[in-house]
Amino acid sequence: MVAENGTKKTNQEETNNVLKSTQTVIHKALEKLGYPEEVYELLKEPLRMMTVKIPVRMDDGSTKIFTGYRAQHNDAVGPTKGGIRFHPGVTETEVKALSIWMSLKCGIVDLPYGGGKGGIVCDPRDMSFRELERLSRGYVRAISQIVGPTKDIPAPDVFTNSQIMAWMMDEYSRIDEFNSPGFITGKPLVLGGSHGRDSATAKGVTICIREAAKKQGIQIEGARVVVQGFGNAGSYLSKFMHDAGAKVVGISDAYGALYDPNGLDIDYLLDRRDSFGTVTKLFNNTISNKELLELECDILVPAAIENQITKDNAHDIRAKIVVEAANGPTTLEATEILTDRGILLVPDVLASAGGVTVSYFEWVQNNQGYYWSEEEVEEKLEKIMVKSFNSIYDTAQTRRVDMRLAAYMVGVRKMAEASRFRGWI
Ligand code: GLU
């Protein structure tokens, strides 16, 4: 896959491994919690998976047929929820795994949702504004039967943004014959978006970094931070860490990485990045993504794509804390190696749950037609993230498991209980 940070290609085999690893940890978590095997059988794959073909009239007059997916993992707790990614490397298996992670995130931050995820195989970097609009609208028409404000609520993900959410909301509103802001989250503010949604994932990661640093006795002021990926999460996060007095010594994008032991000029880089998070092309003096990951630092934040820290480089990671802002950046073998080496790893399903949390706030505001201030959103997000971090940290300590297994244990419980009460298992 041509990654958001472009470090490597993710092939079908790697994606299969991502799903398999997720299933392995879910199995372990359910076992630890004492659930019977049929609970695992229910939760190991999405309940529903829709594959669609989307014909799009291109600007040159030709018609291109795109493939899209929408996975709904489990709706026992409530409607399913999760983003839509536009990416050439999207596969059915990846979307499945991502929908399971969404269920876990919703369980961890205790939202009344199950997990869902969507994806379209395309490269938005090669498409015009109008082509993207037609693709976005076509996708909504194709999946309209299984989505809706009380069924399955999409949101942004890799390479999708508030403009795409706006088109999708408009298309759904036409189909539904009502103004339906609650159909999708991550919308522009004027269309019922929430304050703080754009930066929510990074805010959540920042809170996890702060809490993890406290546990490890690391001061944020002056701490050396390396961020892989300069997309939505990576760019906001670099800014928040920089503003908190940390030294962001390394960042990367799809084409390379930048390193300065004295701290990078984050405001300058933010100013120069394009909407796909590309900035390193402007510099001659770059390092590789591999070198970036192995830099000596206090906090390493993989904020790009899957499978970045593997058994091949886990021994070379020189951070004290690894906080996963991307989905699935560390393999299971690497998780074990890092944990054995005493590196505190804050897993994706916890660290990146700030985005869906503020999406939930957006949906609540849409449903009640009453909108909150930025301060209200921030205060509520802060409380939820701190509580979730600590409950998982404590579970890891008391059950003597790593943070990832602890997070899965916390995340899976509500889904399993709701499925039991409904009489499904
Ligand atoms: N795509 C984001 C994620 O992976 C956000 C999902 C949402 O807001 O529903 O968590």
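Details of the structure are given in the entry above.
Residues numbered from 1 in each chain as written. Predicted model: local features only at pLDDT ≥ 70, side-chain atom pairs only at ≥ 80, totals over all residues. Heavy atoms only, no water.

J.: Explain the overall build of the protein to me, please; I cannot follow it from the model alone.
T.: For the protein, the helix and strand inventory stands at 14 helices and 11 strands. Radius of gyration (C-alpha) of the protein: 20 Å, near the 22 Å computed for a compact globule of 425 residues. Looking at the protein as a whole, 60% of its 425 residues are labelled buried. Of the contacts made within the protein by residues no fewer than 6 positions apart, 70% connect residues no fewer than 24 positions apart. Entry remark: accessible area of the protein is about 16,800 Å², with carbon and sulfur atoms responsible for 47%. Distance between charge centres in the protein, computed from 50 positive and 56 negative side chains, equals 3 Å. (Helix = DSSP H or I, 4+ residues; strand = E, 2+ residues; numbered from the N terminus. Rg over C-alpha atoms; globule rule 2.2 N^0.38 Å. Buried < 20%, exposed > 50% of the residue type's maximum accessible area, 1.4 Å probe, protein only. Contact = heavy atoms within 4.5 Å. Areas by Shrake-Rupley, 256 points an atom, 1.4 Å probe, with all protein chains shown as cover. Lys, Arg positive; Asp, Glu negative; His and termini not counted. Charge placed at Lys NZ, Arg CZ, Asp CG, Glu CD.)

J.: What is the right way to look at the site of the ligand in this model?
T.: Around the ligand, 14 residues are found, and the nearest of them are K81, K105, P156, D157 and S359. A distance of 3.0 Å is found between an oxygen atom of the ligand and a side-chain nitrogen or oxygen belonging to K117. Interatomic distance of 2.5 Å between a side-chain N/O atom of S359 and an oxygen atom of the ligand. In isolation the ligand has 290 Å² of accessible area, and contact with the protein removes 94% of it. Elements with a minimum of two residues in the shell around the ligand: strand 3 (80–87), helix 3 (92–108), strand 5 (152–156) and helix 12 (354–368). (Near = heavy atom within 4 Å. Polar contact = N/O pair within 3.5 Å; in protein donor to acceptor, adjacent residues only side chain to side chain.)

J.: I would appreciate a short explanation of the pairing of strand 8 (residues 256–259) in the present structure.
T.: Alignment of strand 7 (residues 247–253) against strand 8, held across four bridges, turns out to be antiparallel. Within the sheet, the bridge partner assigned to S252 lies in strand 8 and is A257. (Pairing = 2+ DSSP bridges.)

J.: Explain the side chain of R197 to me, please; I cannot follow it from the model alone.
T.: Inspection of the secondary structure puts R197 in the loop between helix 5 (162–176) and helix 6 (200–216). Put simply, R197 is tucked away with no salt bridge, and the nearest opposite charge, on E362, sits 4.9 Å away. At a separation of 3.3 Å, a polar atom in the side chain of R197 contacts the main-chain carbonyl oxygen of G355. Setting aside residues up to four positions removed in sequence, R197 forms contacts with P156, G186, G355, V358, S359 and E362. (Salt bridge = Lys/Arg side-chain N within 4 Å of Asp/Glu carboxyl O.)

J.: It is not clear to me how helix 14 (residues 403–421) should be interpreted in this structure. Could you clarify?
T.: The periodicity of an α-helix, 3.6 residues per turn, causes residues three or four positions apart to be oriented the same way. Taking 1.5 Å per residue, 19 residues should reach 27 Å; helix 14 reaches 28 Å between its end C-alpha atoms and fits that length. Residue V412 marks the point of greatest curvature in helix 14, where the axis turns by about 30°. Downstream of helix 14 by a residue or two, G423 has a phi angle that is positive, lying close to 85°. (Expected span 1.5 Å × (residues − 1). Bend = angle between axes of the 7 residues up to and from the residue.)

None of this, on its own, says anything about what the molecule does.
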